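Observations on chain architecture
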Amino acid sequence: LDDAGYTEFSRVGGAAWGLGDRLALRASVRGLLVSSDFDQVSAWGYNLGFGVAWRYSAKERIGLSFPHVMSRVIWQFESTERLPSGMNLGWARTFSPHLITAVDVELREGNSGVYRAAAGAEWWAFPERLALRGGYRFLDGGLESVSAPTFGLAVRILSLRLDYAFRVEPDLLGDTHRVALLVGL
C-alpha cells in the first residue's frame, strides 16, 4: 500500500458519569469507515467500549478501559469480523496546574504480553488555551513493531477544543495524523 492508498474515518460519541468526586464511568460508541485502493476494498463497522477512572489522590488518577466490548467490521465482500478485545490500564500525575504526565499499557487478545505501552506529558504553555504534548510509544503486534515518539497539541476556545496528534506508524501504512473537535456541554 502506498501513503494515499488506505483511509480510516471514525466518528465517536461518548458519555461519562461522575459517582461522587473520586470515581467516573464512561461509555463510548464509534462508527468506522475504511477504504483502500488495494483491490478497491471498503468496510464499515461499529465499536462499543466502557471504562472507569478513579482519582487516587489530589494529583493522581488511575483508569481502566475495555475499548472493544462489542464490535463488528463488515467488509463489502460480505465478510464480517470483530475487533480484538483488550484492556487498557493508565496512570496520570499532575505536577503543576500546567504539567501532566501519563503512562498506559494495553493488553490485547492474541498477544501473550503487552501489546502497546506509552508514556508522555502535556504542558499548557498558555493556560486553558494551548497545550503541547510529547511522548513515546511502543507497539508490539500486527504487521510490524513500532517504537517511536509522538507529538500533539490542543487549542481551546470557549467550550470548543481542537486536538491534533501525530504518530509514527509501521512503514506499511504510513504515519497517522489525528484531529478531534471536542465540545463541552
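Placed above this text is the structure.
Below is a summary of the structure that appears in this document. All values derive from a computational prediction rather than experimental measurement. Throughout this document, residue positions are counted from 1 along each chain, in the order its sequence is written. Confidence filtering applies because this is a predicted model: local features only for residues at pLDDT of at least 70, side-chain atom pairs given and counted only at 80 or more, and all residues used for totals across whole chains, interfaces and linings. No hydrogens and no water enter the side-chain calculation; it runs on all heavy atoms of the structure.

Some thoughts on the overall build of the protein
Rules: Strands here mean DSSP runs of E at least two residues long; helices mean DSSP runs of H or I at least four residues long; both are numbered from the N terminus. Atoms counted for the radius of gyration: C-alpha only. Globule rule: 2.2 Å times the number of residues to the power 0.38. Contacts are assigned to residue pairs that have any heavy atoms within 4.5 Å of one another. Using the Shrake-Rupley algorithm and a 1.4 Å probe, accessible areas are obtained, with residue cover drawn only from the displayed protein chains. The convention is simple: Lys and Arg are positive, Asp and Glu are negative, and His and the chain ends are not counted. Every charge is mapped to an atom, namely NZ of Lys, CZ of Arg, CG of Asp or CD of Glu.
Looking only at helices and strands, the protein features zero helices and 12 strands. Secondary structure of the protein in N-to-C order comes out as β-β-β-β-β-β-β-β-β-β-β-β. Relative to its length of 185 residues, the protein is compact, with a C-alpha radius of gyration of 18 Å against a globular reference of 16 Å. Across its three principal axes, the protein shows a C-alpha extent of roughly 50 × 35 × 30 Å. Long-range contacts, defined as pairs at least 24 residues apart, comprise 33% of the intrachain contacts of the protein with a sequence gap of at least 6. Just so you have it, the protein exposes about 12100 Å², and 63% of that area is on carbon and sulfur atoms. The distance from the centre of the 19 positive side-chain charges to the centre of the 20 negative ones in the protein is 13 Å.

Brief notes about the environment of Ser 36
Under the convention used in this document: Partly exposed describes any residue whose relative accessible area lies between the buried limit of under 20% and the exposed limit of over 50%, with all areas from a 1.4 Å probe on protein chains only and scaled to the type maximum.
Position of Ser 36 relative to the elements: it lies in strand β2 (residues 23-36). The exposure class assigned to Ser 36 is buried, which follows from its relative accessible area of 12%. Separated by 28 residues in the primary sequence, Ser 36 and Glu 8 have C-alpha atoms spaced 8.8 Å apart.

With respect to the packing of aromatic side chains
The description of an aromatic ring pair rests on the distance of the ring centres and on the angle between the ring planes. For the record, the criterion: Any pair of Phe, Tyr and Trp rings, taking the six-membered ring for Trp, is counted once the centres come within 6.5 Å. Such a pair is stacked with planes under 30 degrees apart, edge-to-face with planes over 60 apart, and tilted for the rest. Counting as a charge over the ring demands two things of the Lys NZ or Arg CZ atom: a distance within 6 Å of the ring centre and an angle within 35 degrees of the ring normal.
Scanning the model with the defined rule gives two aromatic pairs in all. When the ring of Trp 54 is compared with that of Tyr 56, the centres are 5.3 Å apart and the planes differ by 75°; the resulting orientation is edge-to-face. Judged by centre distance (6.2 Å) and plane angle (10°), the rings of Trp 75 and Phe 77 are stacked. A relative accessible area of 18% means that Trp 75 is categorised as buried. Look at Phe 77 and you get exposed, because its relative accessible area is 52%. Over the ring of Phe 95 we find Arg 93, and its NZ or CZ is 5.1 Å from the ring centre.

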